[in-house]
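Chain residues, written in single-letter form:
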Amino acid sequence: PFVTKEEFLRRYPATDGRLLGRDLLLEAIRDRDASAFALALFVADTFATVDATWTPRLNDLLFEDWHQSDEWLVDYLDVFRDPSSVPALLHAARKRPDHVGDDDVPALAVKAIYALRNNPSPRAVDALRELTMDSNPTAAWNAEQRLDERVTRDEDVSASPEPAP
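**Q** Honestly, the pattern of salt bridges in this entry has me stumped. Any pointers?
**A** Pairing between side chains of opposite charge can happen when the charged atoms of each approach one another. Evaluation of the coordinates by the stated rule reveals 16 salt bridges. Among the salt bridges present, the one from Asp154 reaches Arg150, with a minimum N-O distance of 2.9 Å. Of the two residues, Asp154 and Arg150 are both situated in helix α9 (residues 137-159); the distance of four residues between them amounts to about one turn of the helix. Through salt bridges with shared partners, one network takes in Glu7, Arg10 and Arg11.

**Q** It is not clear to me how the confidence of the model for the protein should be interpreted in this structure. Could you clarify?
**A** When pLDDT drops low, the exact placement of atoms in the prediction is not to be read closely. In the predicted model, the protein carries a mean pLDDT of 90, and the fraction of residues at 70 or more is 90%. Mean pLDDT across the secondary structure elements of the protein bottoms out at helix α1 (residues 5-11), with 87, and peaks at helix α4 (residues 55-62), with 98.

**Q** Help me understand helix α8 (residues 122-131), please; the structure alone is not making it clear to me.
**A** Spacing of three or four residues puts side chains on the same side of an α-helix, whose turn is 3.6 residues. Those residues of α8 lying buried are Ala124, Val125, Ala127, Leu128 and Leu131. Considered in projection along α8, the buried side chains sweep an arc of 160 degrees and stay on one side of the axis. Capping the start of α8, Ser121 holds a side-chain oxygen 3.0 Å from the backbone nitrogen of Arg123, two or three residues further along.

**Q** How do you make sense of the packing of aromatic side chains when you look at a structure like this?
**A** Centre-to-centre distance and the angle between the planes together describe a pair of aromatic rings. Per the counting criterion, the structure on display carries four aromatic pairs. Between Phe8 and Phe47, the aromatic rings sit 6.1 Å apart at their centres with planes inclined by 35 degrees, giving tilted as the arrangement. Of the two residues, Phe8 sits in helix α1 while Phe47 sits in the loop between α3 (34-46) and α4, which places them 39 residues apart along the sequence. Relative accessible area serves as the criterion here: at 28%, Phe8 is assigned to the partly exposed category. Under the relative-accessibility criterion, Phe47 is labelled buried at 12%. The rings of Phe8, Tyr12 and Phe47 are connected pair by pair, giving a single aromatic cluster.

Basis of the calculations
- Residues numbered from 1 in each chain as written.
- Predicted model: local features only at pLDDT ≥ 70, side-chain atom pairs only at ≥ 80, totals over all residues.
- Heavy atoms only, no water.
- Salt bridge = Lys/Arg side-chain N within 4 Å of Asp/Glu carboxyl O.
- Helix = DSSP H or I, 4+ residues; strand = E, 2+ residues; numbered from the N terminus.
- pLDDT = per-residue confidence, 0-100.
- Buried < 20%, exposed > 50% of the residue type's maximum accessible area, 1.4 Å probe, protein only.
- Arc of directions from axis to C-beta.
- Polar contact = N/O pair within 3.5 Å; in protein donor to acceptor, adjacent residues only side chain to side chain.
- Phe/Tyr/Trp six-rings, centres within 6.5 Å; stacked < 30°, edge-to-face > 60°.

Here's what the structure looks like:
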């Protein structure tokens, strides 16, 4: 059955969902516990625990292989759009989990490519250019499409007249 946030906190017991999410995340990261980390991300997302201040930690977590929550991390980084995330997003776009065949592009790669398109950093454009030469033709094609969208968007923004005072 559906449980409200308030009921969840009463049952846990906890009074502040954001702090609970933070504590669960930090504990799972400390213990390198993949299952606990996935559950902690669910709680943290429910209570809006993760904000842009988590960006450096999320970047680092994308380079670690003890968890299977990369897609969730990329989703957060796409929302925060911090230029410091470009190397982590490039790494995620190149990651090929064992369960993915050579001809397949995992959802993680596609999400990371979209996140690079949305990142305002010029380094994100460079990363997309690198990915257009990926050995997987589907990843390369996705990167090329997102790069074209990014370049077109940037040109449209720079061609826009200044707003009147």
